[in-house]
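Examination of the molecular architecture
Residue strings, one per chain:
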Amino acid sequence: MTIQQTLNSFRTGPDETGHFGNFGGRFVAETLMPLILDLEKAYTEAKADPAFHAELTSFHTHYVGRPSPLYFAERLTEHVGGAKIYLKRDELNHTGAHKINNVLGQILLARRMGKTRIIAETGAGQHGVATATACARFGLKCVVYMGAVDVERQKPNVFRMRMLGAEIVPVVSGSKTLKDAMNEALRDWVSNVEDTFYCIGTSAGPHPYPMMVRDFQSIIGKEAREQMLEREGRLPDSLVACIGGGSNAIGLFHPFLDDASVAIYGVEAAGHGVASGAHAASLNGGRPGVLHGNRTYLLMDADGQIAEAHSISAGLDYPGIGPEHAWLHDTGRVTYLSTTDSEALEAFQLLSKLEGIIPALEPAHAIARAVEIAASKPKDHLMIVNLCGRGDKDIFSVAEHLGGME
Amino acid sequence: MTTRIDTRFAALKSEGRAALVTFVMAGDPDHATALEIIKALPKAGADLIEIGMPFTDPMADGPAIQAAGLRALAGGETLHSTIDIVRAFRVNDTETPIILMGYFNPIYIYGVETFLKDAKEAGVDGLIVVDCPPEEDDELCKPALKAGLNFIRLATPTTDEKRLPKVLSNTSGFVYYVSITGITGSATPDFSKVATAVARIKAHTQLPVAVGFGVKTASDASAIAKGADGVVVGSALVEAVRKSLDADGKATSKTIGAVTALVSEIAAGVRAVKK
Ligand SMILES: Cc1ncc(COP(=O)(O)O)c(C=O)c1O
């Protein structure tokens, strides 16, 4: 399947019809088609406008706190006894995750388009919090769709969103998690086409979302690249990031895709184990299909009915993956691994104890595999792990899993 | 190529009335009852039949049709058994047009070519696949036309003058005008705007225009029949199924009659309008 040698660049996608190879596209109802064409046009114009970038950069600097540090995890490195592990500290961003990078880009775009009402779907609640935050900052009405199951397991974020003035709509259809929240957001958009902007939280959905979200998240990889060159005088040897829909991962990976010396690892959520059937690993345990506006790898049954994903982490609990990752998987440029719930819980504790950094459960999945890969590498191997979120939102559910806080 | 859909609309035009297009979900509340409902529709007054192909994630549907799909899936309905329904219907009815309506993924997983072949052989006349806009015509629309099936496209209030020709380009059978920007079953359309919209579409095409979303009663149907070539009713029928079920969600002796009674009532509304 590897066609890596024959491609000149991995950074040119998508094509003008929104495809990454055979993946991606625009599989949406006719009502939405004019809206996503409009969005594509507005985004293309904004992308070419220096004023748009200047405004975004200013908010990155003064509101989000970018650039986020590239931190040498000395004690974790010592503990592992292999590669030199650096953490890209996007958990230090305002609102506690990488999600704000994308949200600010989209909200500035929504303002340019004259939209006054913002809708979003959220799983862990990090994207919902980031969207509610930006909406508060710009005085926009904000409605967040969240699976009823996730409302229960991510309570602190539900409270934060309410504080920020957002309306939370618990979604009770289907599996009551992220995919259903996305269905419900799409239904809202179909019903409110005039004033509403749909701020998608990951690099999935119909074109141009996967491209646009990737572009906004690529600030992570651009900074990491410069920071590593400054610190070590050369590029990293490997990158590791967790994958829900794939936005933090593609943000870190994209600027490095054409550097053949950089090994790249995406980490899916294996839940109770890929063999158990209760997981969220679309690449490792799914196959290509069409959902939420694009063709990508999906979890489904033999009849093409979408299966429920399972992960301890609400942010990874999605039965699909962004189309660019599907393509990077098939071309062999990126290696996709997976981490189980219990491995993620261990990594969560390991990083907390060794580095004084409580990670979100999502990047804990990346940490688990990073530690394993690093152990097999020489001491001069440079690794960057995307620490894309902090664990404050997870402490209560982790405590439940570990049996108390004593 | 002339399909049963073309023939039926032409016949109704010479009769001087609009068509009643009825939507029910395959496998709802169970496979056998759904087949009996579908068999009973023509006599109750349905001129064309749309059969929903159940899907776990129906992005453009409201709660009523979502729930109908989930009832069908819980009962084990598959795309294969949905095609079986059409085959069984055709044993006694070779004239009523049948349209399968749903989402792309189950078809994609079935295999587009195999699906088209099986559907055509079973007696399907047309397809409405909500998440296949003109931009994705190579996926299903063009192969369907080649296989001799009509591909019926949705036009919506957001489909402006500039976009209409694109939406109409590979459409055949009829045009399905979705009278509201919204999901199925959500709102009652502003009937005065519907006639204008139909006229707008007719300026671009010879095809019949059927109007749906939000039709619940005979008088809704009459109001739409005045300006359109067809009236589509869906959520109201699916709700009639749901209301007829017992506490465990199983069909009762009332289920089939509940649907046919509503169809007869709405058919009277359609037929009351002479053109
Ligand atoms: C901290 C964190 N990391 C990762 C994810 C997964 O999303 P993505 O794969 O788009 O980065 C989420 C989603 O909620 C998150 O909150």
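My aim in this report is to walk through the structure given alongside it, one point at a time. Computed from a predicted model, the values in this text were never measured in an experiment.

So, about the overall build of chain A. Along its length, chain A carries 16 helices and 14 strands. The C-alpha radius of gyration of chain A comes to 19 Å, within 12% of the 22 Å expected for a compact globule of 406 residues. Referenced to the eigenvectors of the C-alpha coordinate spread, the extents of chain A come out at roughly 55 × 50 × 50 Å. For chain A, with 406 residues in total, the buried portion stands at 65%. Partitioning the intrachain contacts of chain A with sequence separation of at least 6 by distance along the chain shows that 74% fall at a separation of at least 24. Carbon together with sulfur atoms contributes 53% to the accessible area of chain A, which is approximately 13700 Å² in total. One way to put it: in chain A the 37 positive side-chain charges average out to a point 3 Å from where the 47 negative ones average out.

Counting its secondary structure elements, chain B contains 12 helices and nine strands. For 275 residues, the compact-globule estimate of 2.2 N^0.38 gives 19 Å, and chain B sits close to it at 17 Å. A principal-axis box enclosing the C-alpha atoms of chain B has dimensions of 50 × 40 × 35 Å. In chain B, which comprises 275 residues, the share counted as buried stands at 64%. Considering only contacts within chain B whose residues lie at least 6 apart along the sequence, 73% involve residues at least 24 apart. For chain B, the exposed surface amounts to about 10000 Å²; the carbon and sulfur share of it is 54%.

What follows is about the sheet that holds strand 3 (residues 70–72) of chain A. Residue and element names in this part refer to chain A. Strand order in the open sheet made by the six strands is 3-4-14-9-10-13, with mixed pairing throughout. Each edge of the open sheet is held by one strand with a lone partner, namely strand 3 and strand 13 (335–340). Averaged over all pairs of adjacent strands, the angle between their axes in this sheet comes to 25°, without regard to strand direction. Pairing of strand 4 (residues 84–88) with strand 14 (residues 382–386), which is carried by five bridges, proceeds in the parallel orientation. The partner of Leu87 across the bridge, within strand 14, is Val385. Its contacts with the sheet place helix 14 (residues 341–355) against strand 3, strand 4, strand 10 (263–271) and strand 13, and it is angled at close to 85° to strand 13.

Here we take up the environment of Leu35(B). Residues and elements named next belong to chain B. Among the structural elements, Leu35 can be located in helix 2 (residues 31–44). In this structure, the C-alpha to C-alpha distance between Leu35 and Ala119, residues 84 residues apart in sequence, is 16 Å. Not counting the four nearest positions on each side in its chain, Leu35 is found in contact with Ile85, Ala88 and Phe89.

What follows deals with the interface of chain A and chain B. Listed as interface residues are 37 residues of chain A and, on the opposing side, 34 residues of chain B. Carbon and sulfur atoms make up 54% of the surface buried where chain A meets chain B, a total of about 2900 Å² over both sides. Seen at the junction of chain A and chain B, the total is three salt bridges. For Arg295(A), the salt bridge is made with Glu139(B), and the minimal N-O distance between the two is 2.4 Å. Elements with a contribution of two residues or more to the side of chain A that touches chain B: strand 2 (23–27), helix 1 (33–47), helix 8 (178–191), strand 11 (287–291) and strand 12 (293–298) of chain A. Considering each element in turn, the side of chain A that touches chain B owes the most residues, eight residues, to helix 8 of chain A. For the side of chain A that touches chain B, a count of residues per class yields 17 nonpolar, 11 polar and nine charged.

For side chains bearing opposite charge, pairing can occur when the charged atoms are close. Tallied over the entire structure, the rule returns 42 salt bridges over all chains. Arg369(A) is the partner of Glu372(A) in a salt bridge, and the nearest nitrogen-oxygen pair spans 3.0 Å. Taken together, the positions of Glu372(A) and Arg369(A), both in helix 15 (residues 361–375) and three residues apart, correspond to about one turn of that helix. The exposure class assigned to Arg369(A) is buried, which follows from its relative accessible area of 7%. Through salt bridges with shared partners, a single network forms among Glu30(A), Glu135(B), Arg163(B) and Lys166(B).

All names here are of chain B. Two elements in contact, helix 4 (residues 79–90) and helix 6 (residues 112–122), have axes separated by 8 Å at closest approach and are oriented at 25°. Relative to helix 6, the element helix 4 lies roughly parallel. Taking contact as the criterion, the partners of Leu79, Ile83, Val86, Arg87 and Arg90 in helix 4 are, on helix 6, Phe115, Asp118, Ala119 and Ala122.

With that out of the way, let us pick up the side chain of Asp220(B). Turning to its location among the elements, Asp220(B) is positioned in helix 10 (residues 218–227). Despite its burial, Asp220(B) pairs with no opposite charge, the nearest such side chain being Lys216(B) at 6.0 Å.

Taken together, the side chains of Phe159(A), Met163(A) and Leu164(A) define a hydrophobic patch exposed on the protein surface, amounting to about 330 Å² of accessible area. Inspection of the secondary structure assignment puts Leu164(A) in the loop between helix 7 (155–163) and strand 7 (167–171).

All names here are of chain B. Read from one edge of the open sheet, nine strands run 5-4-3-2-1-9-8-7-6, paired in parallel fashion. Among the strands making up the open sheet, the edge pair consists of strand 5 (150–151) and strand 6 (154–155). As defined by bridge partners, strand 7 (residues 175–178) adjoins strand 8 (residues 209–212) across four bridges and the pair is classed as parallel. Bridge pairing in strand 8 places Val175 opposite Val209. Against the sheet, helix 4 touches strand 2 (48–52) and strand 3 (98–102), its axis set at about 165° to strand 3.

On to the site of the ligand, then. All names here are of chain A. Around the ligand sit 19 residues, and of these Thr202, Gly244, Gly246, Ser247 and Asn248 come closest. At a separation of 3.2 Å, an oxygen atom of the ligand approaches a polar backbone atom of Gly245. For the ligand, whose unbound accessible area comes to 390 Å², protein coverage reaches 98%. Each residue belonging to the shell around the ligand can be placed in one class, and the counts come to seven nonpolar, 10 polar and two charged. When residues of the shell around the ligand are assigned to domains, at least three map to each of domain 1 (20–60 + 99–213) and domain 2 (65–96 + 218–402).

A separate point is the pairing of strand 7 of chain B. All names here are of chain B. Here strand 7 shows two buried faces, one formed by Val175 and Tyr177 and the other by Tyr176 and Val178. Here strand 6 runs beside strand 7; their pairing, made up of two bridges, is parallel. Opposite Leu154, over in strand 7, you have Tyr176 as the bridge partner. For the crossover that starts at strand 6, traverses helix 8 (residues 164–169) and ends in the parallel strand 7, the hand is right-handed. As for the winding sense of the linkage, the β-α-β connection from strand 7 through helix 9 (residues 191–202) to strand 8 is right-handed.

A few words now on the environment of Gly285(A). Residue and element names in this part refer to chain A. Take Gly285: it is sitting in helix 12 (residues 282–285). Linking Gly285 and Ala134, residues 151 residues apart in sequence, is a C-alpha distance of 36 Å. With residues near it in sequence (within four places) discarded, Gly285 still touches Val274, His279 and Leu299.

Rules and cut-offs
- Residues numbered from 1 in each chain as written.
- Chains lettered and ligands numbered in written order.
- Predicted model: local features only at pLDDT ≥ 70, side-chain atom pairs only at ≥ 80, totals over all residues.
- Heavy atoms only, no water.
- Helix = DSSP H or I, 4+ residues; strand = E, 2+ residues; numbered from the N terminus.
- Rg over C-alpha atoms; globule rule 2.2 N^0.38 Å.
- Buried < 20%, exposed > 50% of the residue type's maximum accessible area, 1.4 Å probe, protein only.
- Contact = heavy atoms within 4.5 Å.
- Areas by Shrake-Rupley, 256 points an atom, 1.4 Å probe, with all protein chains shown as cover.
- Lys, Arg positive; Asp, Glu negative; His and termini not counted.
- Charge placed at Lys NZ, Arg CZ, Asp CG, Glu CD.
- Pairing = 2+ DSSP bridges.
- Axes fitted to C-alpha atoms, helices over the stretch in contact; angles between N-to-C directions.
- Buried area = accessible area lost by both parts, 1.4 Å probe.
- Salt bridge = Lys/Arg side-chain N within 4 Å of Asp/Glu carboxyl O.
- Nonpolar A, V, L, I, M, F, W, Y, C, P; charged D, E, K, R; others polar.
- Parallel < 35°, antiparallel > 145°, perpendicular 65-115°, else oblique.
- Patch = residues over 30% accessible without salt bridge, like charges linked within 9 Å, V, L, I, M, F, W, Y side chains within 5 Å.
- Near = heavy atom within 4 Å.
- Polar contact = N/O pair within 3.5 Å; in protein donor to acceptor, adjacent residues only side chain to side chain.
- Domains from an automatic or database assignment.
- Right-handed = clockwise from strand over helix to strand, strands pointing away.

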